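Structural description and commentary
Each chain, written out:
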Amino acid sequence: MTWEPVIGLEIHVHLKTRTKMFCRCRVAYFEPPNTQTCPVCLALPGALPVPNRAAVEWTILLGHALGCRIPERAIFHRKNYFYPDNPKGYQISQYDEPLCVEGSFVVPEPEGDVLVGIERAHLEEDAAKTVHVGGAEGRIHGADRSLVDFNRAGTPLVEIVTKPDIRSAEEAKRFLQLLRQTVVELGISDAEMEKGSLRFDVNVSVRPAGSDELRTRTELKNMNSFNFAAKGIEREVRRQIEIYESGGHVEQETLHFDPGNESAPPLRSKEEAQDYRYFPEPDLVPLEPEREVVERLRGELPEVPSARIRRLEEEVGFALAEELVTSERDELYSRIPGERAAVANVVMNELAALGLDPAGVNAEELGKVIERRGEIPRAAFSEALAESASPGFSAERYLAEAAIADVSELDPVIDRILGANEQQVEAYRGGKEGLLGFFVGQVMKETGGKANPKVVNERLREKLRA
């Protein structure tokens, strides 16, 4: 039997607002533990939450990028669970009436677009950070104690929940990479997995290929690497297939993927909505986003990366378009005039290797150099690229070194070299055509590297055939 993976994702994105979701404590990473707290985010008796307006608006902006509908009403709920990093014993979140619903996200691929449905994107507060001490790589398994840092408690967090539309580990990886880039370009989060401002859970099940059933799923929890996510999915798909093919049943549970051992020991049984005992947060009124605000934010939405890939594909093909956009070099590419494929190749190869700040490159002048690259000595072209982000960069100096392409100047040089190397000429005519490189080298040496190699090759072949 052929099996098909069924994958859904839950992505958690910290918003980089100045203050927390329901209080005025500063959002600050890497501060000394438990120094960015107050009665609200520590859930002391009598403390009341006040929503962060910027967080609400940024969530709506993200909803537009995800193709979501923004309902006229959204409600905050209490999500009850008793974990050591949750000071209230519940989390203020959203449940059945979130800010963003019914969206879709396009993942361009060479064969066509993959459309991933977005169930919802809802706004909530993050829990505190649990630091596991004594284990490998700071993970819970193998740790001998855990400490809680409440600085993170209350940080604005958007959770994006996809539909189970993803069919492979590679597809999941591409979706996550493109989503991260979209979030960063919106300016609402730095989405740095190293510090936990982007993390994701992966829900995995398998079914017979061609079937539309949804079988029991497992959840890989709190992953913070695209590669680890792909490896975790591949491992879990293999595990579930082996269970079914041996006549067993997959248990619904949360797994803790250990990338070092590529294992995923169970963490706990998988919760369902009823386990959290949701009910409306009594200390907060419903959100009713003003329609003019929703439309203003729609108008502020920039062209998303997936759309730019498809637009540039018409100019340079899918592979180069994807590289330009995902490397965030497409803005520089768009500023440099000239033949599009030539510009794209220079931007993605020679220019990328130099590590220059794309924003500092003088695109207009560099375009002139790229246009004449076939006429400029290689050393001069390389120097021009290296200097293209320097103040006062001008193409004129490098264009003045244009290679000699005038046949009337090159022919006397070529004739002298052929006359001085009669033995090599006879060997070439006798079948040793590899000697052409020797003659080209001699001409380039004679002209100080200023001869046009293409013209030199053509004239040498003509004369050696005579």
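Residue positions are given per chain, counting from 1 as you read along its sequence in written order. In view of the model being predicted, local features appear only for residues whose pLDDT reaches at least 70, and side-chain atom pairs are presented and counted only at 80 or more, with totals across whole chains, interfaces and linings using the full set of residues. Computation of side-chain values: all heavy atoms of the structure, hydrogens and water removed.

1. Comments concerning the nonpolar core
Residues Ile11, Leu66, Leu123, Ile160, Phe175, Phe200 and Val202 are the most contacted members of the largest nonpolar core, which totals 99 residues. Domain delimitation follows an automatic or database domain assignment. Taken domain by domain, the makeup of this core includes at least three residues from each of domain 1 (3-298) and domain 2 (303-400). By the convention used here, residues are in contact when the closest approach between their heavy atoms is within 4.5 Å. With residues near it in sequence (within four places) discarded, Val202 still touches Ile7, Gly8, Leu9, Thr218, Glu219, Leu220, Met223 and Ile233. Definition of nonpolar core: a set of buried residues of the types Ala, Val, Leu, Ile, Met, Phe, Trp, Tyr and Cys, connected through side-chain atoms within 4.5 Å. Residue exposure (1.4 Å probe, protein chains only): buried if accessible area is under 20% of the type maximum, exposed if over 50%, otherwise partly exposed. Counting 17 residues, the second-largest nonpolar core is a separate cluster that includes Val413, Leu436, Ala451 and Leu464.

2. Remarks on the sheet that holds strand 13 (residues 279-280)
Any two strands are treated as partners once DSSP identifies two or more bridges connecting them. To qualify as a helix, a DSSP run of H or I must reach at least 4 residues; to qualify as a strand, a run of E must reach at least 2; elements of each kind are numbered from the N terminus. On the basis of which strands lie adjacent, the open sheet formed by three strands has the order 3-2-13 and antiparallel pairing. Each of the sheet's edge strands pairs with one partner strand only, and the pair in question is strand 3 (90-94) and strand 13.

3. Let's talk about helix 15 (residues 453-465)
To estimate the expected span of a helix, count its residues, drop one, and scale the result by 1.5 Å. Given a rise of 1.5 Å per residue, 13 residues ought to cover 18 Å, and the 18 Å separating the end C-alpha atoms of helix 15 matches this to within 8%. Taken residue by residue, helix 15 has Val455, Val456, Arg459, Leu460, Lys463 and Leu464 as its buried positions. Each buried residue of helix 15 lies within a common arc of 150° when the element is viewed along its axis, so the set occupies one face. Projecting away from the buried face of helix 15 at angles above 90 degrees are the exposed residues Lys454 and Arg465. Taken together, the buried residues of helix 15 touch helix 12 (407-420), helix 13 (422-429) and helix 14 (436-446). Note: the arc covers the axis-to-C-beta directions of the helix.

4. Considerations on the environment of Arg238
With respect to the helices, strands and loops of the structure, Arg238 is situated in helix 3 (residues 226-245). Measuring from C-alpha to C-alpha, the distance between Arg238 and Ala128 comes to 34 Å, with 110 residues separating the pair along the chain.

5. Section: the packing of aromatic side chains
The aromatic pairing rule takes the rings of Phe, Tyr and Trp, using the six-membered ring of Trp, and pairs them if the centres are within 6.5 Å, calling planes under 30 degrees apart stacked, those over 60 edge-to-face and the rest tilted. The full count for this structure, using the stated rule, is ten aromatic pairs. Ring geometry for Tyr81 versus Tyr276: centroids 6.1 Å apart, planes at 70°, classification edge-to-face. Note that Tyr81 is positioned in the loop between strand 2 (76-80) and strand 3 and Tyr276 in the loop between strand 12 (266-269) and strand 13, a separation of 195 residues in sequence. The same class applies to Tyr81 and to Tyr276, which are both buried. By definition, being over a ring means that NZ of Lys or CZ of Arg is both within 6 Å of the ring centre and within 35 degrees of the ring normal. Geometry around Tyr29 places Lys195 over its ring, the cationic atom sitting 4.2 Å from the centre. If you follow Arg340 out to its NZ or CZ, it ends over the ring of Tyr333, 4.2 Å from the centre.

6. Remarks on the pairing of strand 3
Within strand 3, five of the five residues are buried, which leaves it mostly tucked inside the rest of the structure. The alternating pattern of strand 3 places Tyr90, Ile92 and Gln94 and Gln91 and Ser93 on opposite faces, both of which are buried. Sheet analysis places strand 2 next to strand 3, joined by five bridges and oriented antiparallel. Residue pairing in the sheet places His77 in a bridge with Ser93 of strand 3.

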